[in-house]
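Overview (structure and organization)
Next come the chains, spelled out residue by residue.
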Amino acid sequence: MAHPHHQRGTDATTPTSSALSISHAHIPRSTHDSNQTGTDDTRRATEMEEANGGVLCRGGTAEAGAGAEAGRAPHVAMLVTPGMGHLIPLAELAKRLAARHGATATLITFASTASATQRAFLASLPPAIASLSLPPVDLSDLPPDAAIETLMSEECARVVPALTGVLSGLKETTRLVAFVADLFGADSFDAAAAAGVARRYLFFPTNLHVLTLILHLPELDVSMPGEFRDLAEPVRLPGCVPIPGPDILSPLQDKSNPCYRWMVHHARRYRDAEAILVNSFDAVEPDVARVLRAPQPGRPPVYNIGPLIKTDAVETDNEPRAPCLWLDRQPPRSVIFVSFGSGGSLPAEQMRELALGLEQSGQRFLWVVRSPSDEGAVNANYYDAESKKDPLPYLPEGFVERTKEVGLLVPSWAPQIKVLAHEATGGFLVHCGWNSVLESLVHGVPMVAWPLFAEQRQNAVMLSEGVGAAIRVPDTKRREEIAAAVREVMAGQGKGAEVRAKVAELQKAAAEGLREGGAATTALDEVVHKWIGGGDK
């Protein structure tokens, strides 16, 4: 099956004038709207820009130019590799930089992900956050079954010339203090270097366990001749929960697949970053946080700046209201929310067992249901969150009628933040994508773990065996196993009670870290001080 973002035509050497004109047009001219609490310096900088029509006056003495440069809002360029799970936390980081530090930002996206969902999300961001899409690159030489990780990595490598032009343009039009690339974008450091952007940071949108594995990958690649899935013993890394071989990241499960070599390549490139910003917080993985906080020669410093989750649950005209209206009629903590993220779908047989398991559990449920994945491609919706067909006919006969008093089926999408924040929601059957995990923890919702792809199986081990914030559904996925896990998380007095208590504890810790003087706030302050306080390199 061809992947949705195979692009034909423009290659990476295409002139970037069109991309540059887009970037110029989208540079924020003022931070007033998004920064009511900005500093006096930021207000003065904004007034200076507005007095000049939004453009810094060129010319004059060198001293005057330097003073104007220092007065302008600091600007950060952020490269977002494909997937809403990468875009959302980077956008939240940009919002936090704007609100707390008076910074502006440009989110740079790939042509392959220019979906209606992404466009709507980008359009909703504050004026301080601009966006632009890089020109398409030709990936038609890749095999039709190329892994998503390979597609993302190839696209990033091939777009470096265009990105160099974009960053050079941003240097001309903004006070560009740093370039931030996310986890599949380390090759873009070449573009930043070519454009003369000295501060190059990596943003890691998942957790410290996954980061530790990737940082150790070059040595594991040499020391472990076989496949992870064949290991007799779990993989043990400093500070981490032991991870059974079959649960290691899915792109590492087949060394003959090009995506494995790409992951080893990224691991080496991570060392080129000045620092690594991670969307996690110490309380959820304290041991590995301690290990990574200790300086190590050759490894960039690591900053835990999470949880960064989507915060502005603003209602839109086309947003389904039925889920929340239905939740309003349910008792507190009585509903399990079932969703596999923006990119997940189930094979038909698992979809059937899940339906019958929910019914057998006797619990109320709100299920974001999609048509089954074709040929077992559980990430079939990675680039497009819409269900491919009407999903209801794929459910067991009579299921919809039998469960209509206790369940609500929502095709394709539901407002996840609002559902998790609702007092009627008492559990979350989740694919263990890290954004969804953080959203669950921030809202104090215990989890039933049902991982699908990417790092999700590894996250499920960490959450169930290490953190104690989830109960994992066995890989056999039988209806009685599903029912038992759901009942335990919602109402169990043994393991379920422990999970509910642990999640309540982590909810409190996450909130404390984001307060003034909290760990996440302090870590980000330190990073921004390096960007701004040290002057331009």
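Residues numbered from 1 in each chain as written. Predicted model: local features only at pLDDT ≥ 70, side-chain atom pairs only at ≥ 80, totals over all residues. Heavy atoms only, no water.

1. Observations regarding helix H10 (residues 258-269)
To be explicit about the condition: Only DSSP runs of H or I reaching four residues or more are called helices, and only runs of E reaching two or more are called strands; each is numbered from the N terminus. Any helix carries an expected span of 1.5 Å times its number of residues minus one. Here the term buried applies to any residue with accessible area under 20% of the maximum for its type, exposed to any over 50%, and partly exposed to those in between, with areas from a 1.4 Å probe on protein chains only. The contact rule is simple, with two residues in contact once any of their heavy atoms fall within 4.5 Å. Residues adjacent in sequence count toward polar contacts only when both atoms are side-chain atoms; beyond that, a polar contact is any pair of N or O atoms within 3.5 Å, and within protein one must be able to donate a hydrogen and the other to accept it.
In a regular helix each residue adds 1.5 Å, so 12 residues correspond to 16 Å; H10 covers 17 Å between its end C-alpha atoms and thus fits that length. All of the buried residues in H10 are Cys259, Tyr260, Trp262, Met263, Val264, His266, Ala267 and Arg269. Looking at the buried positions of H10, the neighbouring elements they touch are helix H6 (148-158), helix H8 (189-194) and helix H9 (208-223). The backbone nitrogen of Cys259 has a side-chain oxygen 3.0 Å away, supplied by the residue at the start of H10, namely Asn257.

2. Observations regarding the packing of aromatic side chains
Selection criterion: Between the rings of Phe, Tyr and Trp (Trp by its six-membered ring), a pair exists once the centres lie within 6.5 Å; its type follows the angle of the planes, with under 30 degrees stacked, over 60 edge-to-face, and the other angles tilted. Comment: the charge-over-ring label is applied if NZ (Lys) or CZ (Arg) is within 6 Å of the ring centre and within 35 degrees of the ring normal.
Using the criterion set out here, one finds 6 aromatic pairs in the structure. Plain terms: the ring middles of Phe204 and Tyr270 are 6.2 Å apart, the flat faces sit at 80° to each other, and that makes the pair edge-to-face. Of this pair, Phe204 sits in strand S5 (residues 200-204) while Tyr270 sits in the loop between H10 and strand S6 (275-278), and the two are 66 residues apart along the sequence. For the pair formed by Phe204 and Tyr270, the shared burial category is buried. Site record: aromatic cluster; members linked through ring pairs are Phe365, Trp367 and Phe399. In this arrangement the basic side chain of Lys477 is found over the ring face of Trp450, its NZ or CZ atom lying 5.2 Å from the centre.

3. Topic: the pairing of strand S9 (residues 364-369)
In regular strands, side chains alternate between the two faces of the sheet. The condition that has to hold: We treat two strands as partners when DSSP finds at least two bridges between them.
Of all 6 residues making up S9, 5 are buried, and the element is well covered by its neighbours. Here strand S8 (residues 335-339) pairs with S9 via 4 bridges, running parallel. Each residue of the ladder has a partner; that of Ile336, found in S9, is Phe365. Relative to strand S10 (residues 407-411), S9 runs parallel, the two sharing 5 bridges. Pairing of Trp367 across the sheet is with Leu409, part of S10.

4. Brief notes about the pairing of strand S11 (residues 425-430)
Short version of the rule: Looking down the strands as they point away from the viewer, one classifies a crossover as right-handed if the path from the first strand across the helix to the second runs clockwise.
In terms of residue burial, S11 counts as a mostly covered element, since 6 of its 6 residues are buried. Across 5 bridges, S8 lies against S11 in parallel orientation. In the sheet register, Val338 faces S11, and the bridge partner there is Leu429. Relative to strand S12 (residues 447-449), S11 is paired through 3 bridges, and the arrangement is parallel. Paired with Val430 across the bridge in S12 is Ala449. Each parallel crossover has a hand, and the one from S11 via helix H16 (residues 434-442) to S12 is right-handed.

5. Remarks on the sheet that holds S12
Short version of the rule: Fitted lines through C-alpha atoms serve as axes, helices being fitted only where they are in contact, and the angles separating the N-to-C directions of these axes extend from 0 to 180 degrees.
Strand order across the open sheet formed by 6 strands is S10-S9-S8-S11-S12-S13, with parallel pairing between neighbours. Whereas interior strands pair on both sides, the edge strands pair on one side only; in this sheet they are S10 and strand S13 (470-472). Sheet twist, expressed as the average angle between the axes of neighbouring strands with direction ignored, equals 20°. Contacts between helix H17 (residues 456-467) and the sheet are confined to S12 and S13, with S13 contributing the most and set at about 125° to the helix. Its contacts with the sheet put helix H18 (residues 479-491) on S8, S11, S12 and S13, and the angle it makes with S12 is roughly 160°.

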